[in-house]
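Listed below are the residues making up each chain.
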Amino acid sequence: QVQLVESGGGLVQPGGSLRLSCVASGFTFSNYGMSWYRQAPGKERELVARIMTTGGITKYADFVKGRFTISRDNAKNTVYLQMNSLKPEDTAVYYCTRGWSRHDYWGQGTQVTVSS
């Protein structure tokens, strides 16, 4: 069965960095675009970044442009989200999901808290 398992979240000070990972299994990873979303308390889930199958095409939400980088390693069935210059407003649960625009499977999420 399809599984997406995120890791790498935690508590970080403003201005710090984290790298999230999402390991996929149960499907041919290289055939699918992948995306990262986030959901803060009391807010709707929102798209953070997405990446096409080979990693050559990426797209970012305006609020993370220049700070976050999405990448993937098809040999390891893993998609990453490198987050730099973190701000308190980046605090949320971060989810990876299969697909570029249509999403059928989601991970359980990893908590990112940015606080001093």
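Scroll up to find the structure this text is about.
Starting afresh in each chain, residues are numbered from 1 along the sequence in its written order. Local features in this predicted model are restricted to residues of pLDDT 70 or higher, and side-chain atom pairs are both shown and tallied only at a pLDDT of 80 or more, whereas totals for entire chains, interfaces and linings draw on every residue. Neither water nor hydrogens contribute to the side-chain values; these are computed over all heavy atoms in the structure.

## Details of the overall build of the protein chain
Line of reasoning, step 1. Of regular secondary structure, the protein chain possesses zero helices and ten strands.
Line of reasoning, step 2. In sequence order, the protein chain lays out its α and β elements as β-β-β-β-β-β-β-β-β-β.
Line of reasoning, step 3. In terms of overall size, the protein chain behaves like a compact globule, its C-alpha atoms giving a radius of gyration of 13 Å where 116 residues would be expected to give roughly 13 Å.
Line of reasoning, step 4. Projecting the C-alpha coordinates of the protein chain onto the three principal axes gives extents of approximately 40 × 25 × 25 Å.
Line of reasoning, step 5. For the protein chain, buried positions account for 42% of its 116 residues.
Line of reasoning, step 6. Only heavy atoms enter the contact rule, under which two residues are in contact if any of them lie within 4.5 Å. In the protein chain, 53% of the contacts between residues at least 6 apart in sequence involve partners at least 24 apart.
Line of reasoning, step 7. Neither His nor the chain ends is counted toward charge; the positive residues are Lys and Arg and the negative residues Asp and Glu. For charged residues, the charge sits on one atom: NZ in Lys, CZ in Arg, CG in Asp, CD in Glu. Averaging the locations of the 13 positively and 8 negatively charged side chains of the protein chain gives two centres separated by 4 Å. In DSSP terms, a helix is any run of H or I states spanning at least four residues, a strand is any run of E spanning at least two, and both are numbered starting from the N terminus. The size measure is the radius of gyration over C-alpha atoms, and the globule rule it meets is 2.2 Å times the number of residues to the 0.38 power. We call a residue buried when its accessible area falls under 20% of the maximum for its residue type, exposed when it is over 50%, and partly exposed in between, using a 1.4 Å probe and counting protein chains only.

## Quick notes on the sheet that holds strand 1 (residues 3–7)
Line of reasoning, step 1. If you walk across this open sheet you meet the four strands as 1-3-8-7, and the pairing is antiparallel. Unpaired on one side and paired on the other, strand 1 and strand 7 (68–73) mark the two borders of the sheet. Taken over all neighbouring pairs, the strand axes of this sheet differ in orientation by 15 degrees on average, direction set aside. Strands were regarded as paired on the criterion that DSSP finds at least two bridges between them. Here the axes come from fitting lines to C-alpha atoms, over the contacting stretch only for helices, and the angles between their N-to-C directions go from 0 to 180 degrees.

## Some words on the sheet that holds strand 9 (residues 92–98)
The strands that make up a sheet are held in pairs by hydrogen bonds between backbone atoms, and each pair lies either parallel or antiparallel.
Line of reasoning, step 1. On the basis of which strands lie adjacent, the open sheet formed by six strands has the order 2-10-9-4-5-6 and mixed pairing. Among the strands making up the open sheet, the edge pair consists of strand 2 (10–12) and strand 6 (58–60). Across the sheet, the mean angle separating the axes of adjacent strands is 25 degrees when strand polarity is ignored.
Line of reasoning, step 2. One ladder, built from three bridges, connects strand 9 with strand 10 (residues 110–114); its direction is antiparallel. Bridge pairing links Ala92 to Val112 in strand 10.

## With respect to the nonpolar core
Line of reasoning, step 1. Formed by 28 residues in total, the largest nonpolar core has its most connected members in Trp36, Val48, Phe68, Val79, Leu81, Met83 and Tyr94.
Line of reasoning, step 2. Looking at this core, the elements with two or more residues in it are strand 3 (18–25), strand 4 (34–39), strand 5 (46–51), strand 7, strand 8 (78–83), strand 9 and strand 10.
Line of reasoning, step 3. Among the elements that line this core, the one with the most residues is strand 3, at four residues.
Line of reasoning, step 4. Among residues more than four places away in sequence, those in contact with Leu81 are Leu18, Arg19, Leu20, Trp36, Val48, Ala49, Phe68, Thr69, Ile70 and Tyr94. Throughout this description, the term nonpolar core refers to a set of buried Ala, Val, Leu, Ile, Met, Phe, Trp, Tyr and Cys residues connected via side-chain atoms within 4.5 Å.

## With respect to the side chain of Arg72
Line of reasoning, step 1. Mapped onto the elements of the fold, Arg72 is located in strand 7.
Line of reasoning, step 2. This buried residue, Arg72, is left without a salt bridge; Asp73 holds the nearest opposite charge, at 8.2 Å. Within this document, salt bridges are pairs made up of a side-chain nitrogen of Lys or Arg and a carboxyl oxygen of Asp or Glu, the two lying within 4 Å of each other.

## With respect to the pairing of strand 5
Line of reasoning, step 1. With five bridges joining them, strand 4 and strand 5 adopt antiparallel strand pairing. Note on strand 5: the bridge partner recorded for Ser35 is Arg50.
Line of reasoning, step 2. Linkage of strand 4 to strand 5, two consecutive antiparallel strands, is achieved through a turn of six residues, within which Gly42 is found at a positive phi near 75 degrees.
Line of reasoning, step 3. Relative to strand 6, strand 5 runs antiparallel, the two sharing three bridges. Within strand 6, the residue paired with Ala49 across the bridge is Tyr60.

The values are spatial; any link to function lies outside them.
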